[in-house]
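Below are the chains, spelled out letter by letter.
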Amino acid sequence: MKLKKIVDDVMKEGADYCDIRKEKWDRTSLNLKDGEIEQFTQGGEEGAMVRVLYEDGWGYVGTSDFAELKKASKRALSMAKTNNKFKKEKTGLAGTKANKDEVIIKCDQDPLDFSAEEKISLLKDIEDKVKKDFVTSTDLRYGEATVENEIITSDGAEIKMKIPRLMVYIIITGKSDTIQRAAEGAGGTGGFELTEEAYKKIDVVTERLSNLLDAGTPPSGNIPLIMDPSLAGVFAHEAFGHAAEGDLVSGGNSCLKGRIGDEVAAEGVTISDDPTVEGYGHFPYDDEGTKAKKRVLVKNGKMNDFILDRESAWKLDMEPNGGARAEDFRVKPLVRMSNTIIEPGDMKFQELVEEVDKGIYAKASSGGQVNPAQGTFQFNAQEGYLIEGGEIKEAVRDVSFNGFTLETLQNIVGIADDFESSIGHCGKGQTASVGEMAPHILISDVTVGGR
Ligand SMILES: [Zn+2]
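Residues numbered from 1 in each chain as written. Predicted model: local features only at pLDDT ≥ 70, side-chain atom pairs only at ≥ 80, totals over all residues.

(A) Broad picture of the domain arrangement of the protein chain. Under the domain assignment, the protein chain is made up of domain 1 (3–213) and domain 2 (221–450). The gap between the C-alpha centroids of domain 1 and domain 2 is 22 Å. Each partner contributes residues to the interface: domain 1 has 38 residues there, and domain 2 has 30 residues. Residue assignment for the side of domain 1 that touches domain 2 shows that the elements contributing at least two residues are β1 (17–33), β2 (36–54), β3 (57–63), β4 (100–104), β5 (137–153), β6 (158–175), β7 (179–189) and α5 (202–213). (Domains from an automatic or database assignment. Contact = placed C-beta atoms within 7 Å. Helix = DSSP H or I, 4+ residues; strand = E, 2+ residues; numbered from the N terminus.)

Shown next, in the form of structure tokens:
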């Protein structure tokens with residue numbers, strides 16, 4: 001049965017809104033640990049989700065059996081009616097253009113044209129190159145996923161897309177008086193050609209681990225901190241980006257609620273989230289069929305926009321901007337980031353370093369915690385260096401820092417003109433492929449401490 005007909009039938013039965021997302025996935029996931037294949041899965045699957053809004057209640061039913069879609073739509077409507085009975089809060093969907101489009105993101109080298117053996121050989125080759133004498137353990141990961149999806153909404157949107165994504169992660173461990181670890185990922189939206197990027201990370205991880213094994217402990221206290229592009233990107237995503245997600249804002253779980261137009265960062269700081277640029281978080285339309293667009297969240301220090309799906313836009317009386325993403329057909333779309341960007345400035349990296357009398361240069365993230373409601377963060381850097389008298393000195397390890405996000409954004413006193421892109425997997429109950437793009441940034445005052 002045609003998807004459009006199922007949607008129309010649910011609407012005739014009294015639904016206020018209905019959409020169907022039909023998806024066909026092809027995935028390969030591979031893990032080579034210390035030269036042994038630890039995990040190797042590949043395969044395809046198909047399925048669809050029917051989503052129905054009845055007054056203030058939502059119903060969602062996913063199925064991998066397309067013959068059951070009609071039945072799934074009836075169950076979704078009945079679930080929406082039940083939820084409506086118990087729902088206290090009003091809801092609705094902000095209007096969006098009913099797009100009709102088909103977009104295929106092409107890759108230069110289709111991963112499906114490469115055999116399993118070629119993919120294992122790739123990891124084996126990278127392993128040979130990272131396995132220096134100080135490396136005690138290696139962990140290489142390869143993942144590729146191509147999704148073909150079709151989105152039909154009762155508002156008239158009809159979207160077809162094909163999006164291929166690929167990533168390689170390199171994690172190496174070494175031991176001196178403590179165990180140290182260095183990790184880097186490469187990839188994006190595209191095909192097997194992206195594996196070339198992984199080779200560029202080999203020297204980065206091996207040099208990092210080598211430096212960490214000889215590193216001392218960092219000073220603690222409130223000192224200036226330079227973040228490298230990779231760490232600045234993660235900071236923009238984790239500490240700021242999550243707080244700019246429309247569902248958190250409208251639900252009262254963000255420190256940015258009611259802050260549009262306010263100064264939330266230093267002058268010259270512009271932070272965007274942009275699904276339209278090439279990167280691991282690229283997509284042409286979101287999972288509600290809204291056309292993807294660049295969201296300028298902070299414009300020259302002032303709060304300018306949030307990331308919004310149709311429901312959070314309705315609640316905040318704003319325009320939806322393509323913020324709805326679902327991990328796959330089993331789950332409902334949530335408000336998610338795409339490629340989070342700190343726009344470059346006009347200083348040279350060397351000029352940032354010269355500004356610092358006594359501080360830290362921290363590179364790459366190794367996890368942390370954020371609280372978007374309170375606007376607090378705690379991060380660990382993979383790699384650190386002392387800065388003394390405007391010069392980078394010896395390596396320090398276990399650099400961790402914390403603070404209030406908005407205070408820290410106000411303390412950005414230098415933004416370099418360089419720019420690098422990295423990849424990440426964001427967890428919010430569901431996993432999303434995201435990109436992070438940023439220059440080096442100098443923060444005048446951050447609470448730094450050893451872990
Ligand atoms: Zn995240």
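Moving on from the coordinates now.
(B) Representation of the environment of E38. Following the sequence through the fold, E38 ends up in strand β2. It is 34 Å that separates the C-alpha atoms of E38 and G241, two residues lying 203 residues apart in sequence.

(C) The arrangement of the nonpolar core in detail. In terms of nonpolar packing, the biggest core is built from 92 residues, with I170, L225 and I360 touching the most fellow members. Broken down by element, the residue count for this core peaks at seven residues, all from helix α6 (residues 229–241). No fewer than three residues from each of domain 1 (3–213) and domain 2 (221–450) sit in this core. When residues no more than four places from it in sequence are discounted, the contact partners of L225 are G359, I360, A362, F401, I443, V446 and V448. V10, A48, L53 and L93 belong to the second-largest nonpolar core, a separate cluster that totals 31 residues. (Core = buried A, V, L, I, M, F, W, Y, C linked by C-beta atoms within 7 Å. Buried ≥ 20, exposed ≤ 12 C-beta atoms within 10 Å, placed from the backbone.)

(D) The packing of helix α3 (residues 116–130) against α5, seen in detail. At a closest axis distance of 10 Å, the pairing of α3 and α5 adopts a crossing angle of 40°. As for the relative orientation of α3 and α5, their crossing is right-handed in sense. Note on element contacts: α5 touches α3 through I202, V205 and T206, opposite I126, K129 and V130. When its residues are assigned to classes, the contact of α3 with α5 shows four nonpolar, one polar and one charged. (Axes fitted to C-alpha atoms, helices over the stretch in contact; angles between N-to-C directions. Left-handed = near helix turned anticlockwise from the far one by under 90°. Nonpolar A, V, L, I, M, F, W, Y, C, P; charged D, E, K, R; others polar.)

(E) Structural detail: the pairing of β5. Bridge analysis of β1 against β5 gives 15 bridges, and the strand direction is antiparallel. Looking across to β5, one finds that S29 is bridged to G143. Where β5 meets β6, 16 bridges bridge the pair, whose relative direction is antiparallel. Bridge pairing in β6 places E144 opposite L166. Counted between consecutive antiparallel strands, the loop separating β5 from β6 contains four residues, among which G156 sits at a positive phi close to 105°. (Pairing = 2+ DSSP bridges.)

(F) Looking closely at the pairing of β6. Sheet topology note: the β4/β6 ladder contains five bridges and is parallel. By the bridge assignment, I104 is partnered in β6 with K162. Here 11 bridges tie β6 to β7, and the two strands are oriented antiparallel to one another. Directly across from I172, in β7, lies its bridge partner A182. Linking β6 to β7, which pair antiparallel, is a turn of three residues.

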